[in-house]
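This is what each chain is made of:
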Amino acid sequence: MAKDKPTKLKARLPRGLADRGPAELAGTRAMLDTIRRVYELYGFEALETPFIEYTDALGKFLPDQDRPNEGVFSFQDDDDQWLSLRYDLTAPLARHVAENFQDIAKPFRSYRQGWVFRNEKPGPGRFRQFMQFDADTVGAPTVAADAEICMMAADTLEALGIARGDYVIKVNNRKVLDGVLEAIGLGGDDNAGRRLTVLRAIDKFDKVGIEGVRDLLGEGRWENPAAKSGDFTKGAGLDEYEIDTVISFVTLQSGDVTPLEDITGLAAGARANGHEVNNYGSGQFVESNKGVVNHLRAMFGNYATSAEGIEELAEIADLAEAAGYSRDRIRIDPSVVRGLEYYTGPVFEAELTFEVKDEKGRPVRFGSVGGGGRYDGLVGRFRGEAVPATGFSIGVSRLAAALSALGKLKAATEYGPVVVVVMDRDQTGHYMGLVKTLREAGIRAEMYLGNPKNLGNQFKYADRRNSPCVVIQGSDERAAGTVQIKDLIEGAKAAAAITDNAEWRESRPAQFECSEAELVEKVKEVLGHHGVPYGAARG
RNA sequence: GCAGCUGUAGCUCAGUUGGUUAGAGCGCCGGUCUGUGGAACCGGAGGUCGGUGGUUCGAGCCCACCCAGCUGUACCA
């Protein structure tokens, strides 16, 4: 009989998804605790919604398609209704608020954290399942709510260990953009398509540079402009004058032009307080949000829609400044576009400003690690009236990926349990008794459950589990009422010099004997010596 | 979706102008060592060479198509 090899099933993980080990879980848990602490400090309260929503609650275009799997994972219920895995936490929040509108005290301030899913092509820092941590204020029309969200975003990133200057919260306002677009004749519903193209072009500013944006606003752009090869992106088809207008808006802060605030009268005082003040000709100037806002006023203040947005930005800048958040943390930046569909006013984006490199030394683009904005229309979709709302979302998974790529995510060695080795199979009950004693003292412990015939294997196991120590009791010890405790951490150090195997075995480094009654006390000494937490000290 | 690159052991990769039975390092398992982790030495398991078809006396290598992965780009409500 020919032996047919059973066809092995290939074990493989779908792309864009990831298993998480103990170290990563511990790191994520610490991040979540930190974020939660900041959010709660600001007065937000917890809320959780399910992973699954009706598809039409998430977006407006889906239900009429055959397979609404563009971007979202969807499937049909028994009753043929389309369900989807949530792709963010904002739409479910809007549904929750609308559904429980009467019972919710407004302004409603809530936070929530959880997995979201996107059916898109994954990449570095882009996953198909990732975690977000949101905070939203629903029912507050004031821009103070927006300003507060920005400040909280800054506080959160710093609480996570990102130094001031290594991140920035960029702020813009959709109304300013809308006004500019109206001014160049792209207002109205029939220009929605071109408007979108313009917004996307602006969004790519830091990726393709000023010339790239110029091409995208005009005829279009090749993936490799020099060789005119690769993918071609069709442009918005604007003329020279229109392009110049848009470019002047975008570069206002982000690129070549940095508007400066004239502080001639204030410079002396600023210097006295230790601020750096640049000299430009006769007047004295400093980079500031107020400078950007003044510049916007001068250039676009005569467009009604823009003016409204500019004044909102001015107020956010003032509020932030008054609270001590200056341009190094919260920055008015007209190139920020974001969330093209549902944002109605201020939009925010959290960016890391330091460069992260991959293992080959090439710079990695992680994109924004958080974002948000005002979405006055989202809750209103479920009701007849507009409900003002603003919120912010941290991309926990992406931020964790960025931090660990940078080596900033503390990869503290996770110690395993104390292992009680099995020397005599017929004493299993007694060994488990030792384990129980340790557990009752709050010490992680387990008896070796593998094949106990070779004692060496049990040590190898304990070594791999990163156990701080093992407990040994053979017939000699049992007769004497004692146990051997072997400190594996200390032993590894002590044995580093030994090269001869026989000597290695004989020396039994870092091993000592104690009475069974002293077991807990002595193990605690070993754990304490190495800083291994136990009992209440464990997280 | 579009473009480029890459598919050989669990991982990283060799593999001559096409030539018997496809290799190495690491890892894994076992032994030296059934009362002691590491090192060392010895041994072992593990491959439809991504798939299908073609050219050839002969294909891991050449050709066509397909599939998968990576990178970029587009899309991302």
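Further up the page is the structure itself.
These notes cover the structure that comes with them. Quick caveat, the model's predicted, so the values are computed rather than measured. (Residues numbered from 1 in each chain as written. Chains lettered and ligands numbered in written order. Predicted model: local features only at pLDDT ≥ 70, side-chain atom pairs only at ≥ 80, totals over all residues. Heavy atoms only, no water.)

For chain A, the count of helices and strands is 18 helices and 23 strands. Sorting the 539 residues of chain A into buried and exposed places 45% on the buried side. Counting contacts in chain A only where the partners sit at least 6 residues apart, residues at least 24 apart contribute 69% of the total. (Helix = DSSP H or I, 4+ residues; strand = E, 2+ residues; numbered from the N terminus. Buried < 20%, exposed > 50% of the residue type's maximum accessible area, 1.4 Å probe, protein only. Contact = heavy atoms within 4.5 Å.)

It is worth spelling out the protein's contact with RNA strand B at this point. Near RNA strand B lie 44 residues; those nearest to it are Val72, Arg200, Asp463, Trp504 and Arg505. Here the atoms of RNA strand B within 4 Å of the protein split so that 46% fall in sugar or phosphate, with bases taking the remainder. Separating a base oxygen of RNA strand B from a side-chain N or O atom of arginine 126 is a distance of 3.0 Å. At 2.3 Å from a phosphate oxygen of RNA strand B is found a side-chain nitrogen or oxygen belonging to tryptophan 504. Mapped by element, the contributors of at least two residues to the surface near RNA strand B are strand S9 (229-234), helix H14 (455-464), helix H15 (475-480), strand S22 (482-487), helix H16 (488-494) and helix H17 (501-507). Counting residues per element, the surface near RNA strand B draws most heavily on H14, at six residues. (Near = heavy atom within 4 Å. Polar contact = N/O pair within 3.5 Å; in protein donor to acceptor, adjacent residues only side chain to side chain.)

Now for the pairing of strand S6 (residues 129-138). S6 sits mainly inside the fold: nine of its 10 residues count as buried. As paired strands, strand S5 (residues 108-117) and S6 are joined by 10 bridges and run antiparallel to one another. Within the sheet, the bridge partner assigned to arginine 109 lies in S6 and is threonine 137. As paired elements, S6 and strand S18 (residues 389-395) share seven bridges and run antiparallel to each other. Each bridged residue has a counterpart across the sheet, and for threonine 137 the counterpart in S18 is threonine 390. (Pairing = 2+ DSSP bridges.)

What follows is about the side chain of arginine 221. Tracing the sequence through the fold places arginine 221 in strand S8 (residues 220-224). An unpaired buried charge is present at arginine 221: no salt bridge exists, and aspartate 215, the closest side chain of opposite charge, is 4.8 Å distant. Excluding residues that lie within four positions of it along the chain, arginine 221 makes contacts with Val208, Gly212, Asp215, Leu216, Asp231, Phe232 and Thr233. (Lys, Arg positive; Asp, Glu negative; His and termini not counted. Salt bridge = Lys/Arg side-chain N within 4 Å of Asp/Glu carboxyl O.)

Honestly, it's all geometry; don't read function into it.
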